[in-house]
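The primary structure of each chain is shown beneath.
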Amino acid sequence: MLAFLFPGQGVELTRHELCVLERSASATALLDHACRLAGTGPGSLLERGVLERTGVLQPVLTAVTMGIHRVLCEAGAEPDVVAGHSLGEIAACGAAGCMAGRDAVDLAGLRGRLMEDLSRPRPGGMLALTGCTREDVALALESGRRAGRLDMAAHNSPDEWVLSGDEEALQVVARSYRSVRLSVSGAWHGSRMEPGVETFERSAGLMTMAPPEKTLVSGRTGAPVTNERLLPGLLARQLVEPVLWARVMCTIADLGVTDIVTVGPGKV
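Residues numbered from 1 in each chain as written. Predicted model: local features only at pLDDT ≥ 70, side-chain atom pairs only at ≥ 80, totals over all residues. Heavy atoms only, no water.

Some thoughts on the overall build of the protein
For the protein, the helix and strand inventory stands at 10 helices and eight strands. Against the 2.2 N^0.38 benchmark of 18 Å for 268 residues, the protein shows a C-alpha radius of gyration of 18 Å, consistent with a compact globule. Along the three orthogonal principal directions, the C-alpha set of the protein runs to about 50 × 40 × 35 Å. Looking at the protein as a whole, 54% of its 268 residues qualify as buried. Residue pairs at least 24 apart in sequence account for 77% of intrachain contacts in the protein once pairs closer than 6 positions are excluded. (Helix = DSSP H or I, 4+ residues; strand = E, 2+ residues; numbered from the N terminus. Rg over C-alpha atoms; globule rule 2.2 N^0.38 Å. Buried < 20%, exposed > 50% of the residue type's maximum accessible area, 1.4 Å probe, protein only. Contact = heavy atoms within 4.5 Å.)

In structure tokens, the structure reads:
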């Protein structure tokens, strides 16, 4: 069995991915749509600073990964299972046949704009803890919360956890635990994004959703999605709740997947 995994924000887009899209007219059309939505052009995407804005990166990355998915499918590589890390779950929904490509890009554009707007008053950031147990993470959250707002944003592997929150809280944790600061511009998957949940869910609910044609594993629950009507809520709650990626990978293994392809940049 073959699984396609779609990366989220934090990966670096390169010329290689853009060149792959040139193999498919529908893929390049999707990228053009994303660029119009973001107010930029395909030829400007790799210029310094263009993709640093969340409101630009999210629709563009979604278009790129969905475009690469189309190139692979046109070449005869059809996945049995799809999943996406954070933002990548919107592309995974498109790959599963739950929503049209342009709708997925539009939804990613809305997500990016909401997150960018909500991060302006107090940007915050994210910190990956490595070599930690669940108990270590609980202690890290307790100590960090004495200095500011702090949430668990992702569980990526058995010993890797990501925290999201105020700068002061992250600094407290970084002094006591082995960690890596993530190159993101806001406190994603945390309580600072709560004001955007209702708007996002309402907009997603207005889009046409179809039952998944492939097995779609939710990053919010770590389980396959069996009812497309749940998707607006799952995608919306992902703004403020952790990505359970370690659980996603266990589910993929339990389903019998033997081969995995990262569709786009990065190494999810």
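Observations concerning the side chain of threonine 65
Relative to the helices and strands, threonine 65 resides in helix α3 (residues 54-74). On the accessibility criterion, threonine 65 (1% relative accessible area) is buried. Setting aside its immediate chain neighbours within four residues, threonine 65 contacts Phe6, Pro7, Ala91, Val263 and Gly264.

Comments concerning the sheet that holds strand β7 (residues 215-217)
Strand order in the open sheet formed by four strands is β7-β2-β1-β8, and the pairing between neighbours is parallel. Bordering the open sheet on either side are β7 and β8 (259-262), each of which pairs with just one other strand. The sheet shows a mean angle of 20° between the axes of neighbouring strands, direction not considered. Strand direction decides the pairing type here: strand β1 (residues 2-6) and β8, joined by four bridges, are parallel. In the strand pairing of β8, phenylalanine 4 is matched with valine 261. Where helix α10 (residues 245-254) meets the sheet, it contacts β1, β2 (81-84), β7 and β8, and its direction lies at approximately 175° from that of β2. (Pairing = 2+ DSSP bridges. Axes fitted to C-alpha atoms, helices over the stretch in contact; angles between N-to-C directions.)

Topic: the nonpolar core
Among the nonpolar cores identified, the biggest contains 73 residues, and Leu31, Val60, Ile90, Phe200, Leu216 and Ile252 are the most heavily contacted of them. Counting residues per element, this core draws most heavily on α3, at nine residues. Sequence-distant contacts of isoleucine 90, defined by excluding residues within four places in its chain, comprise Thr62, Met99, Ala104, Leu107, Ala108, Arg111, Phe200 and Leu235. Counting 14 residues, the second-largest nonpolar core is a separate cluster that includes Leu127, Ala140, Trp161 and Leu170. (Core = buried A, V, L, I, M, F, W, Y, C linked by side-chain atoms within 4.5 Å.)

Some thoughts on the packing of helix α6 (residues 134-144) against helix α7 (residues 167-174)
At their nearest, the axes of α6 and α7 sit 8 Å apart, and the two run at 130° to each other. Between α6 and α7, the angle falls in the class oblique. Here the hand of the crossing between α6 and α7 comes out right-handed. The residues of α7 that touch α6, namely those facing Ala140, Ser143 and Gly144, are Ala169, Val172 and Val173. (Parallel < 35°, antiparallel > 145°, perpendicular 65-115°, else oblique. Left-handed = near helix turned anticlockwise from the far one by under 90°.)

Looking at the environment of leucine 182
Tracing the sequence through the fold places leucine 182 in the loop between β6 (179-181) and α8 (197-205). The class for leucine 182 is partly exposed, based on a relative accessible area of 29%. Leucine 182 sits 20 residues away from valine 162 along the chain, and the two C-alpha atoms are 9.0 Å apart.

Quick word on the environment of threonine 258
Position of threonine 258 among the secondary structure elements: in the loop between α10 and β8. On a C-alpha basis, the gap between threonine 258 and serine 191 in space is 36 Å, while along the polypeptide they are 67 residues apart. Side chain to side chain, threonine 258 and aspartate 259 meet in a polar contact 3.1 Å long. (Polar contact = N/O pair within 3.5 Å; in protein donor to acceptor, adjacent residues only side chain to side chain.)

Overview of α7
Within α7, the full set of buried residues consists of Ala169, Leu170, Val172 and Val173. Buried positions in α7, seen along its axis, are confined to an arc of 155° and lie on one side of it. Buried residues along α7 sit against β3 (125-130), α6, β4 (150-157), β5 (160-165) and β6. (Arc of directions from axis to C-beta.)

Considering the state of the cysteines
Counting across every chain of the model gives zero disulfides. Cysteine cysteine 35 remains unbridged, with the sulfur of cysteine 19 as its closest cysteine sulfur at 14 Å. In this structure cysteine 93 is a free cysteine whose sulfur lies 5.4 Å from that of cysteine 98, the closest cysteine sulfur available. (Disulfide = S-S within 2.5 Å.)

Observations concerning the pairing of β3
Most of β3 is tucked away: five of the six residues are buried. Here β3 runs beside β5; their pairing, made up of six bridges, is antiparallel. Along β5, the bridge assignment pairs leucine 129 with tryptophan 161. One ladder, built from three bridges, connects β3 with β6; its direction is antiparallel. Residue pairing for β6: leucine 129 is matched across the bridge by serine 179.

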